[in-house]
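One letter stands for each residue in the lines below.
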Amino acid sequence: MLRRTLLRTSAVFTGSLWLGSPRARVAVGPYGPLQGPDAEGLALPAGFTGRVLARSGRRVAGLTWHSAPGDGACFRDGDGWIYVSNSGLPLLGGVSALRFGAGGDVRDAYRILSGTNLNRAGGASPWHTWLSCEEVTRGRVFECDPDGSRSARPRLAMGRFRHEAAAFDPDRQVVYLTEDEPDGCFYRFRPLDWGDLTEGALEVLTTSGAWRAVPSPAALTMATRHQVEDAAHFDRGGGCHYLGGVCYFATKGDGRLWAYEAETGRLDTVSGVRAAHGELFVAGEGEIALVGKDGEVSPFLRLAGDDRRELIGPAFSPDGRRLYFTALRGGSGDAAGVDGHTFEVEGPFAHAADR
């Protein structure tokens, strides 16, 4: 199934995924061996450079950068671009943004969503907005303008559940949604009008492969995942990405990657991820790995340090030349899961020529 899917540019995932047999792991990838770590502990292939753009609790371009950074995305902005980043704090979450000039200089930093709850994941829409999802019981989805020109709007028709990520399928005009529960579901939202997420139908994938309407997306008396008897359940749905007719999504509980073929309705676990014509980057603990066209897995970057740090929120600039991600401190202590450093890596990415 994956052999027929063309990853023409890069795709990025967050989370520890099972990427086939250990024999698929190689020490050196297509960009060459990792060099020694720089002053920030970042080890990269030759020709790549990295820098820390923002640190939780410190000022950047006049804004105190948020704690508990989560998923992010990049959007074009005139001759520059904007990187948005979720904040996974309870009750004090939301989204912050960095605005870049054409040369990559940080020109501004600002909030585009505030006062929400555990905003850890989301997804970018084809009309250049950011969906920020609350990962709590009866969590909401907020649609945000990256430039902050309009206030963020809750999209309640997309369901009230422990949201994780969202991926847009412009071919069928639906939005796929994952749920971070041990018995979570895989959903799709069909807007009444494509480009407007105010109204529409929330559906859940069933064990037969059919989609069935969720009777009460507001989940006032019963969780959405329990409302359809034959709903298919997954162990903590994570990041998802739509490309080439296939929606890929991770399950964090069992470390698997799934592929849902939208045209046929076929759903498979992927035991050996392949990128037929492009690159697949997977962010995990202390490392971002690169999956090649033959399914081999190699390190693209590694972050040294005594404490375990989860790498999250990977996103490429619109021209494909810069990769953004956040290193979130793991282990124990007051800063665990809260203190984050947001990095930029620049270099000769192979997919940049396709953009």
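Since we're looking at a predicted model, the values are computed, not measured.

Some remarks on the side chain of Ser-96
Turning to step 1, where the next piece is worked out: Tracing the chain through its elements places Ser-96 in strand E8 (residues 93–100).
Turning to step 2, where the next piece is worked out: Among the polar contacts listed, one links the side chain of Ser-96 to the side chain of His-66, at a separation of 2.9 Å.
Turning to step 3, where the next piece is worked out: Setting aside anything within four residues of it in sequence, one finds Ser-96 in contact with Leu-63, Trp-65, His-66, Tyr-83, Val-84, Ser-85, Tyr-110 and Arg-111.

Brief notes about the pairing of strand E23 (residues 279–283)
Turning to step 1, where the next piece is worked out: Across the 5 residues of E23, 5 count as buried, placing the element largely inside the fold.
Turning to step 2, where the next piece is worked out: Sheet topology places E23 next to strand E24 (residues 287–291); 4 bridges connect them, and they run antiparallel. Counterpart to Val-282 in the pairing with E24 is Ala-289.
Turning to step 3, where the next piece is worked out: The antiparallel hairpin formed by E23 and E24 contains 3 residues in its connecting segment, where Gly-286 sits at a positive phi of about 75°.

A word on the pairing of strand E21 (residues 256–261)
Turning to step 1, where the next piece is worked out: Across the 6 residues of E21, 5 count as buried, placing the element largely inside the fold.
Turning to step 2, where the next piece is worked out: With 6 bridges joining them, strand E20 (residues 246–251) and E21 adopt antiparallel strand pairing. Counted as the bridge partner of Thr-251 is Arg-256 from E21.
Turning to step 3, where the next piece is worked out: The antiparallel hairpin formed by E20 and E21 contains 4 residues in its connecting segment, where Gly-255 sits at a positive phi of about 65°.
Turning to step 4, where the next piece is worked out: Relative to strand E22 (residues 266–269), E21 runs antiparallel, the two sharing 4 bridges. Bridging across to E22, Trp-258 finds its partner in Thr-269.
Turning to step 5, where the next piece is worked out: Counting the residues in the hairpin turn of E21 and E22 gives 4 residues, including Gly-265, whose phi is positive at 80°.

A word on the confidence of the model for the protein chain
Turning to step 1, where the next piece is worked out: Looking at the protein chain as a whole, its pLDDT mean stands at 88, while 86% of the residues score no less than 70.
Turning to step 2, where the next piece is worked out: Low pLDDT, under 50, characterises residues 1–9; the stretch is placed with 38 contacts to residues that sit more than four places away or in other chains.
Turning to step 3, where the next piece is worked out: Overall, residues 331–336 carries pLDDT values under 50, and its contacts beyond four positions in sequence, including any with other chains, amount to 5 contacts.

Details of the pattern of salt bridges
Turning to step 1, where the next piece is worked out: Applying the stated criterion across every chain, the model contains 26 salt bridges.
Turning to step 2, where the next piece is worked out: Across the salt bridge formed by Glu-179 and Arg-225, the nearest N and O atoms sit 3.9 Å from each other. Separated by 46 residues along the polypeptide, Glu-179 in strand E15 (residues 174–179) and Arg-225 in the loop between strand E18 (211–213) and strand E19 (237–243) bring together distant segments of the chain. For the pair Glu-179 and Arg-225, one class covers both residues: buried.
Turning to step 3, where the next piece is worked out: Residue Arg-322 pairs with Glu-346 through a salt bridge whose shortest N-O separation is 3.3 Å. Remark: Glu-346 occurs in strand E28 (residues 340–346) and Arg-322 occurs in strand E27 (residues 322–329); sequence separation between them is 24 residues.
Turning to step 4, where the next piece is worked out: Overall, Arg-322 belongs to the buried group, its relative accessible area being 7%.
Turning to step 5, where the next piece is worked out: Connected via shared salt-bridge partners are Arg-162, Glu-179, Glu-181, Asp-183 and Arg-225.

What about the packing of aromatic side chains?
In this description, a pair of aromatic rings is defined by centroid distance and the angle of the planes.
Turning to step 1, where the next piece is worked out: Enumeration according to the criterion identifies 29 aromatic pairs in this entry.
Turning to step 2, where the next piece is worked out: Judged by centre distance (5.0 Å) and plane angle (70°), the ring pair of Phe-48 and Phe-349 falls under edge-to-face. Here Phe-349 lies in the segment after E28 and Phe-48 lies in the loop between strand E2 (42–43) and strand E3 (49–55), a separation of 301 residues in the sequence.
Turning to step 3, where the next piece is worked out: Here Phe-48 falls in the buried class, since its relative accessible area comes to 8%.
Turning to step 4, where the next piece is worked out: Residue classification places Phe-349 among the buried positions, given a relative accessible area of 4%.
Turning to step 5, where the next piece is worked out: With centroids separated by 5.3 Å and ring planes inclined at 85°, the aromatic side chains of Phe-234 and Phe-249 adopt a geometry described as edge-to-face. Residue Phe-234 is located in the loop between E18 and E19, and its partner Phe-249 is located in strand E20; the two are separated by 15 residues in the primary sequence.

Observations regarding the state of the cysteines
Turning to step 1, where the next piece is worked out: Enumeration according to the criterion identifies 0 disulfides in this entry.
Turning to step 2, where the next piece is worked out: Looking at the unpaired Cys-144, the closest cysteine sulfur is the one in Cys-133, lying at 9.4 Å.
Turning to step 3, where the next piece is worked out: Take Cys-144: its relative accessible area is 0%, and that puts it in the buried class.

Quick look at unusual backbone geometry
Turning to step 1, where the next piece is worked out: The backbone of Ala-61 shows a phi angle near 50°, a positive value even though the residue is not glycine.
Turning to step 2, where the next piece is worked out: Tracing the sequence through the fold places Ala-61 in the loop between strand E4 (59–60) and strand E5 (63–64).
Turning to step 3, where the next piece is worked out: One non-glycine residue, Arg-138, lies in the positive phi region at around 60°.
Turning to step 4, where the next piece is worked out: Considering the arrangement of structural elements, one finds Arg-138 in the loop between strand E11 (130–134) and strand E12 (141–144).

Structural notes on the sheet that holds strand E26 (residues 309–316)
Turning to step 1, where the next piece is worked out: The 4 strands are arranged E3-E28-E27-E26 in an open sheet whose pairing can be described as antiparallel. Edge positions in the sheet fall to E3 and E26, since each of these pairs with one other strand and no more. Strand-to-strand, the axes of this sheet are offset by a mean angle of 25°, without reference to chain direction.
Turning to step 2, where the next piece is worked out: Note that E26 and E27 share 6 bridges and pair antiparallel. Bridge pairing in E27 links Arg-309 to Arg-329.

Quick notes on the rules
- Residues numbered from 1 in each chain as written.
- Predicted model: local features only at pLDDT ≥ 70, side-chain atom pairs only at ≥ 80, totals over all residues.
- Heavy atoms only, no water.
- Helix = DSSP H or I, 4+ residues; strand = E, 2+ residues; numbered from the N terminus.
- Polar contact = N/O pair within 3.5 Å; in protein donor to acceptor, adjacent residues only side chain to side chain.
- Contact = heavy atoms within 4.5 Å.
- Buried < 20%, exposed > 50% of the residue type's maximum accessible area, 1.4 Å probe, protein only.
- Pairing = 2+ DSSP bridges.
- pLDDT = per-residue confidence, 0-100.
- Salt bridge = Lys/Arg side-chain N within 4 Å of Asp/Glu carboxyl O.
- Phe/Tyr/Trp six-rings, centres within 6.5 Å; stacked < 30°, edge-to-face > 60°.
- Disulfide = S-S within 2.5 Å.
- Axes fitted to C-alpha atoms, helices over the stretch in contact; angles between N-to-C directions.

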